[in-house]
Amino acid sequence: EKYVKQREQRIDKIKTKLAATSGMLGRHRLSWSLFKEYQAYMNDSAIHYINRCIDIASKTRQSKLLVSDYIALIHQYAATGFYNEALEYLKYINEDKLKGQQLIDYYVCCNHLYGEMGCYSKDSKLKDRCFKLSGIFRDSLYKLVSPNSTIYLWRKVSELTTANKYSEAMKE
């Protein structure tokens, strides 16, 4: 209860700042902060604020921000079981135009989405296809990040535990 109250106080402060902010990029930054506060707390509100970010990025023609916002929306939908929505928004991103951290974020997002879909699919062919796609995105991610990076180690441990290679995962 203490942590809920602290979170609600942080949210209220951000909302107060948002109400007093007229600049579009400032509103985007504060809406992003609200999205992050709600992300693991209240999905409907998280979706609301990331959609506000998308609207602002679109209106201000901030293409890099827009792509990052869509990646965050897709990841949020995937994390909460809304796979059809995640797949639909995935169509809005042109992988060929991504570079650096955005490409890494995209691969993480797709690895997560298809992995989740594979875990919960009741159809064995679809399950296998999703796991294969998840692996392709994971392997693409491995090529971009250092083997010592947190994201690499996180995905590697996940890969090994999924394959029931617990001893090897413990070494990572």
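A brief look at the structure comes next. One numbering rule holds for all chains: residues counted from 1, following each sequence as written. Reporting of local features is limited, given that this is a predicted model, to residues whose pLDDT is at least 70; pairs of side-chain atoms are given and counted only at 80 or more, and all residues count toward the totals for whole chains, interfaces and linings. Side-chain metrics rest on all non-hydrogen atoms present in the structure, leaving aside hydrogens and water.

With that out of the way, let us pick up the state of the cysteines. Here, the term disulfide refers to a pair of cysteine sulfur atoms separated by no more than 2.5 Å. Under the defined criterion, the tally for this structure stands at zero disulfides. With no disulfide partner, Cys53 has as its closest neighbouring cysteine sulfur the one in Cys109, 15 Å distant. Throughout this description, buried means an accessible area under 20% of the type-specific maximum (1.4 Å probe, protein chains only), exposed means over 50%, and partly exposed covers the range between. Taking relative accessible area as the criterion, Cys53 reaches 0% and is therefore assigned buried. Of all cysteine sulfurs, the one in Cys130 lies closest to Cys119, which takes part in no disulfide; the gap is 9.8 Å.

Working convention: axes come from line fits to C-alpha atoms, limited for helices to the stretch in contact. Angles between N-to-C directions cover 0 to 180 degrees. Helix numbers and strand numbers start at the N terminus; a helix is a DSSP run of H or I with at least 4 residues, a strand a run of E with at least 2. Put simply, helix H2 (residues 24-38) and helix H4 (residues 63-79) touch, their axes get as near as 13 Å, and they point 15° apart. As the angle between them shows, H2 and H4 are arranged roughly parallel. The element H2 and its partner H4 pack so that their crossing is left-handed. The segment H2 lies against H4, with Leu25, His28, Trp32 and Phe35 engaging Leu65, Asp69, Ala72 and Gln76. When grouped by side-chain class, the residues that make up the contact of H2 with H4 number five nonpolar, two polar and one charged. Here roughly perpendicular refers to angles of 65 to 115 degrees, roughly parallel to angles under 35, roughly antiparallel to angles over 145, and oblique to all remaining angles. Note on convention: near helix rotated counterclockwise from far helix by under a right angle means a left-handed crossing. Clockwise means right-handed. Contacts were defined at the residue level, with two residues in contact if any of their heavy atoms lie within 4.5 Å. Polar here means any residue outside two lists: the nonpolar Ala, Val, Leu, Ile, Met, Phe, Trp, Tyr, Cys and Pro, and the charged Asp, Glu, Lys and Arg; Gly therefore counts as polar.

What follows is about helix H5 (residues 83-90). For H5, the full list of buried residues reads Tyr83, Ala86 and Leu90. Across the axial projection of H5, the buried residues extend over an arc of 60°, all falling on one side. In this structure, the buried residues of H5 make contact with H4 and helix H6 (100-120). It is the directions from the helix axis to the C-beta atoms that the arc portrays.

Turning to the pattern of salt bridges, a few remarks are in order. Salt bridges are identified by distance alone: a Lys or Arg side-chain nitrogen within 4 Å of an Asp or Glu carboxyl oxygen. For the coordinates displayed, the defined rule picks out six salt bridges. When the shortest N-O distance is used, the salt bridge between Arg138 and Glu159 registers 3.6 Å. With Arg138 in helix H7 (residues 124-144) and Glu159 in helix H8 (residues 150-162), this residue pair connects regions lying 21 residues apart in the sequence. You can call Arg138 buried: its relative accessible area is 18%.

Now for the packing of H4 against H6. Across the interface, H4 lies against H6 with an axial gap of 9 Å and an inter-helix angle of 20°. Judged by the inter-axis angle, H4 sits roughly parallel to H6. The interaxial crossing formed by H4 with H6 has left-handed handedness. Between H4 and H6, the contacting residues are Lys64, Val67, Ser68, Ile71, Ile74, His75, Ala78 and Ala79 on the first element and Gln102, Asp105, Tyr106, Cys109, His112, Leu113 and Glu116 on the second. Of the residues that constitute the contact of H4 with H6, the class distribution is eight nonpolar, four polar and three charged.

Purely geometric numbers; function is a separate question.
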